[in-house]
Amino acid sequence: MRGESDVLIVGAGPAGAAAGILLARAGVRVAVVDRARFPRDKTCGDALSNRAVARLADLGVLGRVLERSHATVRAAHAILPDGTHIERRYPTPGLIVPRLLLDAALRDALEQSGAEVMEGVSVRRVVADPTRPRALGAELDWRARVVLAADGPGSVAWEATGRSPPAPQALGIAITTYLEELPAGLAPAVSEHYFERFLPSGYGWVFPAVDGASNVGVYQTVDAYKRRETRLDALLAQFLAAHPERFRGAHARGRERTWQLPLARPTLPPSGPGLLTLGDAARLVDPLSGEGIWHALESGFIAAQGTLAALERGRLDAGAARAIAGRIALRVGVPAAARRAIQLGLDAVIRSGVDDLPLVKKLLTLGYGSGALDPSHARAGR
Ligand SMILES: Cc1cc2nc3c(=O)[nH]c(=O)nc-3n(C[C@H](O)[C@H](O)[C@H](O)COP(=O)(O)OP(=O)(O)OC[C@H]3O[C@@H](n4cnc5c(N)ncnc54)[C@H](O)[C@@H]3O)c2cc1C
């Protein structure tokens, strides 16, 4: 496949779709390539925070998403090792939308906005250039004025910009499964996050069911995971066994799935002449919560805005690309990376077993329950 466009986007997940929809609506000639064919699944907890929901509304795709199966999330419970929980109510609700459905809705919106979507086409290499960057694959030779790499954790952009891919320590990993016939939780429309002594720098989750199946999983940073000689499926089994009353009688729909999460660091996302990275390709995932969909959407908005300005100027040189990467870091990556400090504090509390002391519980309630530990939700609705 040979061709050219103003902008080529690699990857039609939330990051690529957000940027593509905005650019195409602004009259830019946008081509999007994805190695998958949609509808395609993406290993995920399927949770959209309220700020992600707000971004979908800004994109004008929320109505289309809500037409598909989903569940509403009005509150979260942080469940401590002694079984007690702290509740945080969200000022505006979040959603659970299976990624099979969410990403298909985004892909359809991309096409409707005027972008050319090419599915089942893999990019192997991108060549950075301020006026004529290029994407190459076994069946692809595409020239554009700007290339946006939104192709997930193993992005082709890392090689093109001469940056080494993230070290394993900069990653999180997670395993997820869908469970049917779960006994009712404490309350409806609540996301449950279980903090366990055997799961430092991580948590187990149970999310409200969609079409009778709850997304259940375990997340942990790779450095914490590597300290234990275990396997992810064993960790999930340990989580389920630790809460027999919560999972009694439940059975799996489909298989367990694992995937990596590129955790945010206080550094600039890779960029180069004619080339930007966004979403997981830019390593923006919140290390505390594992949230990455808002980060993908938000970086898509920032990249689209920066790309429009560059197209008006006629080129995206290395300095301008770095400035856009800086805006993504300031707005998305650095605040997410800072949440590692909260994670380490929480680890220390849980490891030392003081989480059941009344004073510590009060502090956790003040921090978590009020949303003060969670700037994303405190700013909800924006
Ligand atoms: C188990 C797990 C649970 C998670 N749970 C949540 C959650 O509940 N809520 C949340 O907010 N975040 C969650 N995340 C993080 C979230 O899934 C990601 O941060 C988010 O999907 C990033 O979106 P993206 O558009 O950057 O990348 P992706 O969604 O990964 O999309 C990338 C796209 O690029 C395509 N692609 C890749 N390589 C190429 C190539 N070489 N050529 C062409 N196309 C290519 C892929 O096919 C894919 O469609 C979770 C992650 C994991 C692993």
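For the structure, check the block above.
What you see is a predicted model, and the numbers here were worked out from it, not measured in a lab. (Residues numbered from 1 in each chain as written. Predicted model: local features only at pLDDT ≥ 70, side-chain atom pairs only at ≥ 80, totals over all residues. Heavy atoms only, no water.)

Caption draft 1: Molecular detail of the sheet that holds strand β12 (residues 202-206). Read across the open sheet, the eight strands follow the order β3-β5-β4-β11-β12-β13-β10-β14; overall the sheet is mixed. The open sheet terminates on both sides in strands that have one partner only, identified here as β3 (47-48) and β14 (251-262). Note: strand β11 (residues 190-194) against β12, three bridges, orientation antiparallel. Along β12, the bridge assignment pairs Y194 with G204. The strands touched by helix α2 (residues 50-59) within the sheet are β3 and β5 (85-96), with β5 carrying the most contacts at an inclination of about 10°. (Pairing = 2+ DSSP bridges. Helix = DSSP H or I, 4+ residues; strand = E, 2+ residues; numbered from the N terminus. Contact = heavy atoms within 4.5 Å. Axes fitted to C-alpha atoms, helices over the stretch in contact; angles between N-to-C directions.)

Caption draft 2: Broad picture of the nonpolar core. In this structure, L48, L56 and L148 are the most contacted members of the largest nonpolar core, which totals 55 residues. Of the residues forming this core, the biggest block, ten residues, is contributed by helix α9 (residues 293-313). When neighbours within four sequence positions are excluded, L148 is seen to be in contact with V7, L8, I9, V10, A19, L23, L276, L278 and T307. Counting residues in each nonpolar core, the second largest holds 23 residues, with A76, A174, F207 and V360 among its members. (Core = buried A, V, L, I, M, F, W, Y, C linked by side-chain atoms within 4.5 Å. Buried < 20%, exposed > 50% of the residue type's maximum accessible area, 1.4 Å probe, protein only.)

Caption draft 3: Just the site of the ligand, in detail. In the neighbourhood of the ligand, 36 residues make up the surrounding shell, with D34, G45, A47, R99 and D280 lying closest. One nitrogen or oxygen atom from the main chain of A47 is found 2.8 Å from a nitrogen atom belonging to the ligand. Relative to its unbound accessible surface of 1000 Å², the ligand loses 94% to contact with the protein. Elements with a contribution of two residues or more to the shell around the ligand: α1 (14-25), β2 (30-34), β14 and α9. It is β14 that contributes the most residues to the shell around the ligand, three residues altogether. Here the residues of the shell around the ligand sort into 17 nonpolar, ten polar and nine charged. (Near = heavy atom within 4 Å. Polar contact = N/O pair within 3.5 Å; in protein donor to acceptor, adjacent residues only side chain to side chain. Areas by Shrake-Rupley, 256 points an atom, 1.4 Å probe, with all protein chains shown as cover. Nonpolar A, V, L, I, M, F, W, Y, C, P; charged D, E, K, R; others polar.)

Caption draft 4: Layout of unusual backbone geometry. The omega torsion of the bond from F38 to P39 falls at 0°, within 30 degrees of zero and hence cis. Mapped onto the elements of the fold, P39 is located in the loop between β2 and β3. Of note, the phi angle at D46 is positive, near 70°, even though the residue is not glycine. Of note, D46 is situated in the loop between β2 and β3. With a phi close to 50°, S201 is a non-glycine residue in the positive phi region. Topologically, S201 is positioned in the loop between β11 and β12.

Caption draft 5: Seen up close, the packing of α2 against α9. Axis separation between α2 and α9 bottoms out at 9 Å; the angle between their running directions is 40°. For the element pair α2 and α9, the recorded crossing hand is left-handed. Where α2 approaches α9, its residues R51, A52, R55, L56, D58 and L59 are matched on the opposing element by W294, H295, L297, E298 and F301. Residues of the contact of α2 with α9, tallied by class, amount to six nonpolar, one polar and four charged. (Left-handed = near helix turned anticlockwise from the far one by under 90°.)

Caption draft 6: The packing of aromatic side chains, seen in detail. This model, assessed by the stated rule, comprises six aromatic pairs. Taking 5.9 Å as the distance between ring centres and 45° as the angle between the ring planes, the aromatic pair formed by F195 and Y203 counts as tilted. Since its relative accessible area comes to 13%, F195 is described here as buried. The buried category is assigned to Y203, whose relative accessible area is 6%. With a centroid separation of 5.5 Å and 70° between ring planes, the pair formed by F239 and F247 is classed as edge-to-face. There is no split in this pair, since F239 and F247 are both buried. Taken together, the ring pairs in this structure connect F195, Y203, W205, F207 and Y219 into an aromatic cluster. A cation sits over an aromatic face here: R51 above W294, 3.6 Å from the ring centre. Above the plane of the ring of F301 lies R55, whose end atom (NZ or CZ) is 3.9 Å from the centre. (Phe/Tyr/Trp six-rings, centres within 6.5 Å; stacked < 30°, edge-to-face > 60°. Lys NZ or Arg CZ within 6 Å of the ring centre and 35° of its normal.)

Caption draft 7: Quick look at the packing of α9 against helix α10 (residues 318-352). Closest axis-to-axis distance for the α9/α10 pair is 10 Å, and the angle between their directions is 160°. One finds that α9 runs roughly antiparallel with respect to α10. Helix-helix and strand crossings are classified by hand; for α9 and α10 the assignment is right-handed. Contacts between α9 and α10 involve W294, H295, E298, S299, I302, A303, G306, T307 and R313 from the former and A320, I324, R327, I328, R331, V332 and A336 from the latter. Of the residues assigned to the contact of α9 with α10, the class counts are eight nonpolar, four polar and four charged. (Parallel < 35°, antiparallel > 145°, perpendicular 65-115°, else oblique.)

Coordinates in, geometry out; function isn't part of it.
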